[in-house]
Amino acid sequence: MTINQNRIPYRSEVIVIGSGFAGLTAAIECKIQGGQVIVLEKMKAIGGNSIISDGGIAAPNTPEQELIGIKDSAKLMFEDMMKSAEGLSDPEITRIICEKASETYQWSKDVLGIKYMSRIDIFGGHQVPRCYTPDPFSGSTIILKTREKCEALGIKILCGVSVLSFIQDENKRVIGLNVDSNYSLDPDHKKELQQIYASKGIIVASGGYAADVAFRKQVHSDIDDEIQTTNKRFTSAEVLQACMDINAKTANLDLIQWMPWTTNDEIGYGRGGLFGDYIVSSYGILIDSKTGQRFINEQANRKELAEMILQVKDVVGIADERSVLASGWDLNSALQKGIIKKHESISDLADMYKIPEDQLIETLDHYNQMVISKKDEQFNKPIEDWMSSLNAPFYSMRINPKTHYSLGGVVTNVDTQVLDQQGQILQGLYAVGEVTGLTHGANRLGSCSVTECLVMGRIAGQKVLES
Ligand SMILES: Cc1cc2nc3c(=O)[nH]c(=O)nc-3n(C[C@H](O)[C@H](O)[C@H](O)COP(=O)(O)OP(=O)(O)OC[C@H]3O[C@@H](n4cnc5c(N)ncnc54)[C@H](O)[C@@H]3O)c2cc1C
């Protein structure tokens, strides 16, 4: 180990840990408000899980919704998030996210220059379509735009700098960081230890722990090591652990959200996640391949879906060509890789997954009747106007949930200040994004993390300058 005093600055007003949506938004807002800020990122490239995400953002009461007559409000979104949180979130944080979602979505267009596709999606647990997708489709669109904004504002992002622990003064105020400024994933890399100090505050935006098997095991021992994840493999909990080492309060650490719509036929969220999340959930059906029957409302929230799919085990997601065309998504690359399959007839589909064919025919007939009668008596799936009967040719994918999102993390107040175990403010320390633990409770609704990262990131960037 060596001490390198020169590679990174010794002091800044504000230090942000992590260069995902939450960290970069906090840094931009802080700089716009007149602060001096730097971002530390342990990897050689910026973006964390944010860059591989879909970048979908939820907001109510938008001009896009108004244009097509969708009635929505911050109150309705609040109701949806609170219902899905099952009493395990902080209502005041949720309220702020919902109330500021629309203005922040607009800010992402006006200030960051992000463009969105002309589509509004609905995911399980939202009562109305309110989810917008960046154009081009990917979280990388948002990361590229935030990076451009950082460059334009002169914000330094230092990559390859891993935060190891916090430095506190005699009053327990967090004043600095011990870092390894030569970080790499190679466990034998030569560490360069350095201290860096912040005169106003440190914003933790280090993301989640859904891929950190060792940490996951400590807090959530019933998840099998072999279970796959949608996260990047370096996603880990060391900064969360460092917060815990200085007595930060945590909540919901035993809760990890699953992504129900993925497949073990590829690594990560991959290309199939799009088919599951955006097409099967809205236009298609889930089938237990052993029985050929549906077993759940495909628009149920992610928690209910994942739990049930893991229980049923052999699950196939099915949609048809009309649904795929209506969805507007291009599935070619997933089809070419054999992750999604196309079938010209029910027999082909049944053969592929060894589904009892008679039962599959009955299930599809029953579903098609349901679409006409607009009522799902079995599972109460809302039958919307955009849904149509399912007919050959069909598209299908094996469905296997993966760990996706860390619901637990540090506890903050509405100003993003981290609280200690006694509920007091840990002066000098702020946290935003997936590293926090009281936003989504038992279950995060689709597209609500990006909203959270942007809304709370901006608040952190403002509040840190007040101390
Ligand atoms: C495949 C996928 C698709 C998703 N799609 C959506 C979606 O469409 N809509 C939605 O709302 N949510 C989505 N999510 C969830 C959402 O993307 C994440 O919750 C969000 O991006 C987290 O942002 P963050 O800034 O908190 O963390 P991250 O983006 O993970 O950034 C954290 C950063 O901190 C860095 N870091 C960690 N430890 C250290 C350390 N010791 N020192 C220095 N740096 C460190 C990491 O390297 C990383 O770059 C998706 C997630 C995945 C995996």
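Residues numbered from 1 in each chain as written. Predicted model: local features only at pLDDT ≥ 70, side-chain atom pairs only at ≥ 80, totals over all residues. Heavy atoms only, no water.

Asks: A description of the overall build of the protein chain should follow, citing residues and the corresponding values.
Replies: Scanning the protein chain from terminus to terminus reveals 14 helices and 19 strands. The C-alpha radius of gyration of the protein chain comes to 23 Å, within 12% of the 23 Å expected for a compact globule of 467 residues. Within the protein chain, residue pairs in contact and separated by at least 24 positions form 74% of the contacts whose partners lie at least 6 positions apart. In the structure as shown, the protein chain presents an accessible area of about 18,900 Å², 48% of it carried by carbon and sulfur atoms. For the protein chain, the distance from the average position of its 47 positive side-chain charges to the average position of its 60 negative side-chain charges is 5 Å. (Helix = DSSP H or I, 4+ residues; strand = E, 2+ residues; numbered from the N terminus. Rg over C-alpha atoms; globule rule 2.2 N^0.38 Å. Contact = heavy atoms within 4.5 Å. Areas by Shrake-Rupley, 256 points an atom, 1.4 Å probe, with all protein chains shown as cover. Lys, Arg positive; Asp, Glu negative; His and termini not counted. Charge placed at Lys NZ, Arg CZ, Asp CG, Glu CD.)

Asks: For the nonpolar core, give the residues involved together with the corresponding values.
Replies: Among the nonpolar cores identified, the biggest contains 81 residues, and V14, V16, I203, F275, I279 and L286 are the most heavily contacted of them. In terms of residue count, the dominant contributor to this core is helix α14 (residues 448-463) (eight residues). For this core, the domains that each give at least three residues are domain 1 (2-210 + 405-466) and domain 2 (261-400). Those residues within four positions of I279 in sequence are excluded, and the remaining contacts are L274, G284, A319, S323, V324, S327, W329 and L331. (Core = buried A, V, L, I, M, F, W, Y, C linked by side-chain atoms within 4.5 Å. Buried < 20%, exposed > 50% of the residue type's maximum accessible area, 1.4 Å probe, protein only. Domains from an automatic or database assignment.)

Asks: Account for the pairing of strand β13 (residues 315-320), naming residues and giving values.
Replies: As a general feature of sheets, a regular strand has side chains that alternate between the two faces. In terms of residue burial, β13 counts as a mostly covered element, since six of its six residues are buried. On β13, burial covers both faces: V315, G317 and A319 on one face and V316, I318 and D320 on the other are all buried. Direction of pairing for strand β12 (residues 285-288) relative to β13: antiparallel, over a ladder of four bridges. Paired with I287 across the strands is V316, a residue of β13. (Pairing = 2+ DSSP bridges.)

Asks: So, the site of the ligand: which residues are in play, and what are the values?
Replies: In the neighbourhood of the ligand, 41 residues make up the surrounding shell, with E41, S50, E434, S449 and V450 lying closest. In the environment of the ligand, an oxygen atom lies 2.6 Å from a nitrogen or oxygen atom belonging to the side chain of E434. One of the backbone N or O atoms of C448 is found 3.5 Å from an oxygen atom in the ligand. The fraction of the free accessible surface of the ligand (1,000 Å²) that becomes covered by protein chains is 97%. Among the secondary structure elements, those contributing two or more residues to the shell around the ligand are α1 (21-32), β3 (37-41), β7 (162-168), α7 (238-245), β16 (402-406) and α14. Examining the composition of the shell around the ligand, we find that four residues originate from one element, α14, more than from any other. Grouping the amino acids of the shell around the ligand by side-chain chemistry returns 16 nonpolar, 19 polar and six charged. (Near = heavy atom within 4 Å. Polar contact = N/O pair within 3.5 Å; in protein donor to acceptor, adjacent residues only side chain to side chain. Nonpolar A, V, L, I, M, F, W, Y, C, P; charged D, E, K, R; others polar.)

Asks: Any details on the packing of α1 against α14? Residues and values, ideally.
Replies: Where α1 meets α14, the closest approach of the two axes is 7 Å, and the angle between their N-to-C directions is 35°. Considering the relative orientation of α1 and α14, their crossing is right-handed. In this structure, α1 uses F21, A22, T25, A26, E29 and C30 to contact α14, whose residues at the interface are V450, C453, L454, G457, R458, A460, G461 and Q462. (Axes fitted to C-alpha atoms, helices over the stretch in contact; angles between N-to-C directions. Left-handed = near helix turned anticlockwise from the far one by under 90°.)

Asks: Tell me about the packing of aromatic side chains, and please be specific about residues and values.
Replies: In the structure shown here, the tally under the stated rule is eight aromatic pairs. For the pair F137 and W329, a centre-to-centre distance of 4.6 Å together with 55° between the ring planes defines the contact as tilted. Of this pair, F137 sits in the loop between β5 (131-132) and α5 (139-153) while W329 sits in the loop between α10 (321-327) and α11 (332-336), and the two are 192 residues apart along the sequence. Residue F137 is classed as partly exposed on the basis of its relative accessible area, which comes to 25%. Over the face of the ring belonging to F78 we find R95, whose NZ or CZ atom lies 4.6 Å from the ring centre. Across the ring face of Y405, the terminal group of R444 is positioned such that the distance to the ring centre comes to 4.5 Å. (Phe/Tyr/Trp six-rings, centres within 6.5 Å; stacked < 30°, edge-to-face > 60°. Lys NZ or Arg CZ within 6 Å of the ring centre and 35° of its normal.)

Spatial relationships are all this shows, so hold off on functional conclusions.
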